Amino acid sequence: MSARPGAAAASPFRPALARDQAARLDGEYADDHWNAQRLGVPARRGRRAARFDAITQDWLRDPAKRWSRFRLATGCAFATISSGALALSRFSAFLADKHPGVTDEAGITRPVLEDYLSWLLSRGYSASTRAQSLSMFRVFSGACHRHGWLPALSHDAVIYAEELPFHHDQVARFIPEFVMAQLESPAALDRLPFTTTRNLVVVLIETGLRGGDACGLAFSPTLEDSAGWPCLRFEAVKVRAEQLIPLSAKAAAAIRAQQEHVLQHWPAGSPWLFPGITGNDDGAKPYSHRTFAQQLARWQRVIDLRDQAGQPVTVTGHQFRHTLGTRLINSGVPQHVVQKLLGHASPHMTAHYARVHDTTIREAFDHYQRQRVNIAGQALGYDPDAPTAAAEWVKHNLSRIRDSLPNGYCGRPPQQDCPHPNACLTCPDFQTTPEFLDTHRRQATTNLRLITRAEANGQTRLAANLRQVQDNLERIIPALEALPACQEPGDDQS
C-alpha cells in the first residue's frame, strides 16, 4: 500500500520540530525572567511575569527554577509561581544581608532559619507577607528534600507550621454598612465613568468573587437551575477548581447589561464578559485587575467616600468579598453554606465572619437589653456583668432563631413550648424595642377599627380580646416613646 501523499515527507520533520520546541522551552525556563505567554502557560493580564534575577546565589536560583517548573507541571497558577520566586528572593536578600558567608545549601541550618524569622519581623513586613515568605520556603525546602535538588540541605532546616504568623486569624475586613450604603447607591454607581467598571462593581458586591476571577469571567458564564434561576459558573484560580454559585437578581441583571454592552462595543464578540476598556479593539484582552483597582480607588475619591466619623475612607475590591460573607453570617446563613458560596477550601476563613458576627451581635444585644419594655410598659433592667448575662445572651440568640416576630422578640427560653401562639401582645414573655414603634402604632390604629367592627357585630368575646391587646399597645407605645435616644452599637462614646 502506498503512503498517503506528503506523509512520508512530513514525518521526518515532526521529531525535529518537537526537539526544537523543547529546546526553545528549555531556553525560556533557563532565563531569569519568565513570561507566561512565551512559556505557553495561561495567566491573567498583569500577572504573566516571574523573576528569579533577585536570587543572587546561583546554588539557590537554579533549584528555585526547577521547583517552579515542577509546580507548573502540577497545575499551579502562574501567579503562584511568581509569588514563590518573590518569596525566595526575600530569603536570598536575607542571606546576603545577615549570612554572606553561606556559600551553599549546607550553610542553611536551623539557627539560620530562626534568624530569618527575626529578620522578616525587623523589616516591617505585614503578617500576611511574612506568612507567605515562610510558607513558600517551607514548601520549597520540603520539595528539595524529597527530590534531592539541594542534596546537602540539612534535614533540620525546616520552618514549622506553628511558626507561621497567624494572619488568617485577624478580623475579616468587611466594609461598614454606613460606607456600603454610599457605594451601593445608584447615584454613586452612575458616577463610574465606564459601563464595564460599573457592572463589575455590582457583580463583586453581589457575588463576593475574587477580583481576578471576576475579571476573567467568560462572556456567557451563567446556567439556569431546575427552577430557571441563573447560576454563575467560573474558574476559581486560587483553589484550582470550577465553581457554580446562585446569582442574586441584581447580579444577573448586571451580567445581562454587560453582555449587551460588549456586543454593542465589539459586534464580533469577545471571549470575555469584562474585556479590557482601552487598547483592545478586537476584544481579545480581559479587563486588567490592576486597572480595575486603580479605577475603583479613583471613583471613591470622586464620590467623596467617608466613614461614619466623616473621615475619607478607601476600600478595596476584595473587601466586597469579606462584606458579603459577613452579611450572610449576620443574616443567619449557616457557616458551611457561606463556605461553599465563597469557595473557601476550609472552614477556617469562613470562621472569621462568624467571629465578626458574634462580636457585632453581642454589641447589638447589650444595646437591645437597655431598651426593652414588657407588655405593661415597664422598662426591664439589665446588668451586662451579672452572672446570668451569659445565659441570657444564649437564650436571646436561640429565641431569635426560633421566634421571629413582626413587632418584637420572645423572652421565653426556646426549650419551653409557647402556651399561647399568635397572641404575643398578651404574652408576659413578649419584649419589644423602639425599632418596632411604627409597627405598634399601625397595629393600634388597625386594632381600634377591629374593636368597633366586633362590637357592631355583637362579637363580645373577640372585642374583649382586642381591647386587652389595645390596652397593652397603649402602654407599650408611650413607654417606647419615652425611652432616651440610645447610640447605635459601634458609635463613639463621647
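The numbering scheme is per chain: residues are counted from 1 as the chain's sequence reads. Side-chain atom pairs in this predicted model are given and counted only at pLDDT of 80 or more, local residue features only at pLDDT of at least 70, and totals for whole chains, interfaces and linings cover all residues. To get the side-chain values, all heavy atoms of the structure are used, and hydrogens and water are removed first.

Novice: Looking at this structure, I do not really get the packing of helix α4 (residues 58–73) against helix α5 (residues 78–98). What am I missing?
Specialist: Between two packed helices, what matters for the description is the angle formed by their axes and the separation of those axes. Think of each axis as a best-fit line through the C-alpha atoms, taken over the contacting stretch in the case of a helix, with angles from 0 to 180 degrees between the N-to-C directions. Numbering of helices and strands starts at the N terminus; helices are DSSP runs of H or I of at least 4 residues and strands are runs of E of at least 2. Packing of α4 against α5 leaves a shortest axis separation of 10 Å and a crossing angle of 165°. Here α4 lies roughly antiparallel to α5, going by the angle between them. In terms of crossing hand, the pair formed by α4 and α5 is right-handed. In this structure, α4 uses W59, L60, A64, W67, S68, R71 and L72 to contact α5, whose residues at the interface are F78, T80, I81, G84, L88, F91, S92 and L95. Residues are grouped as follows: Ala, Val, Leu, Ile, Met, Phe, Trp, Tyr, Cys and Pro are nonpolar; Asp, Glu, Lys and Arg are charged; all remaining types, including Gly, are polar. Within the contact of α4 with α5, the residues separate by chemical class into 10 nonpolar, 4 polar and 1 charged. Comment on the angle field: the value is read as roughly parallel under 35 degrees, roughly antiparallel over 145, roughly perpendicular from 65 to 115, and oblique elsewhere. Whether a crossing is left-handed or right-handed is set by the direction in which the near helix is turned from the far one by less than a right angle, anticlockwise for left-handed and clockwise for right-handed. Contacts were defined at the residue level, with two residues in contact if any of their heavy atoms lie within 4.5 Å.

Novice: Mind showing me how you'd approach the pattern of salt bridges here?
Specialist: If charged atoms from side chains of opposite charge come close, those side chains can pair. A side-chain nitrogen of Lys or Arg and a carboxyl oxygen of Asp or Glu constitute a salt bridge if their distance falls within 4 Å. One pass over the full model with this rule turns up 13 salt bridges. For the salt bridge of R69 with D26, the shortest nitrogen-to-oxygen distance reads 3.1 Å. Here R69, found in helix α4, pairs with D26, found in helix α2 (residues 13–30); they are 43 residues apart in sequence, far enough to count as distant. The salt bridge involving R306 is made with D304; its shortest N-O contact spans 3.0 Å. In this structure R306 comes out as partly exposed when scored by relative accessible area, which is 30%. Each residue is placed in one exposure class: buried if its accessible area under a 1.4 Å probe, protein chains only, is under 20% of its type's maximum, exposed if it is over 50%, and partly exposed if it falls in between.

Novice: Where do I start with empty space enclosed by the protein in this structure?
Specialist: A water-sized probe rolled over the atoms picks out the places where empty space is left. With a 1 Å grid laid over protein atoms only, a set of points is called a cavity when a 1.4 Å probe fits there but cannot get out and a pocket when it is open yet has protein on both sides within 12 Å along at least five of seven lines; lining residues have an atom within 4 Å of a point. Grid points are joined across faces, edges and corners, and a volume is the space filled by probe spheres set on the points. In total, this model carries 2 cavities of 30 Å³ or more according to the counting rule given. Roughly 50 Å³ of volume is contained in the second largest cavity. Together, T207, G208, L209, R210, D213, F234, A236, Q243, R321, L341, L342 and G343 line the second largest cavity.

Novice: Whenever I open this one, the nonpolar core confuses me. Can you help?
Specialist: As a rule of thumb, nonpolar side chains are buried together in soluble globular proteins. What makes a nonpolar core is a set of buried Ala, Val, Leu, Ile, Met, Phe, Trp, Tyr and Cys residues whose side-chain atoms join them at distances within 4.5 Å. W34, F78, F91, I108, F137 and F140 are the most contacted members of the largest nonpolar core, which totals 41 residues. Of all elements in the fold, only α3 (36–39), α4, α5, α6 (110–122) and α7 (127–147) reach the threshold of two or more residues within this core. The biggest single contributor to this core is α5, with 8 residues. In contact with F78, other than residues within four places in its own chain, are W34, N35, A36, L39, V41, P42, A43, R47, R48, A49, A50 and L72. If you look at the next biggest cluster of nonpolar residues, it comprises 35 residues, including V201, L204, I205 and A236.

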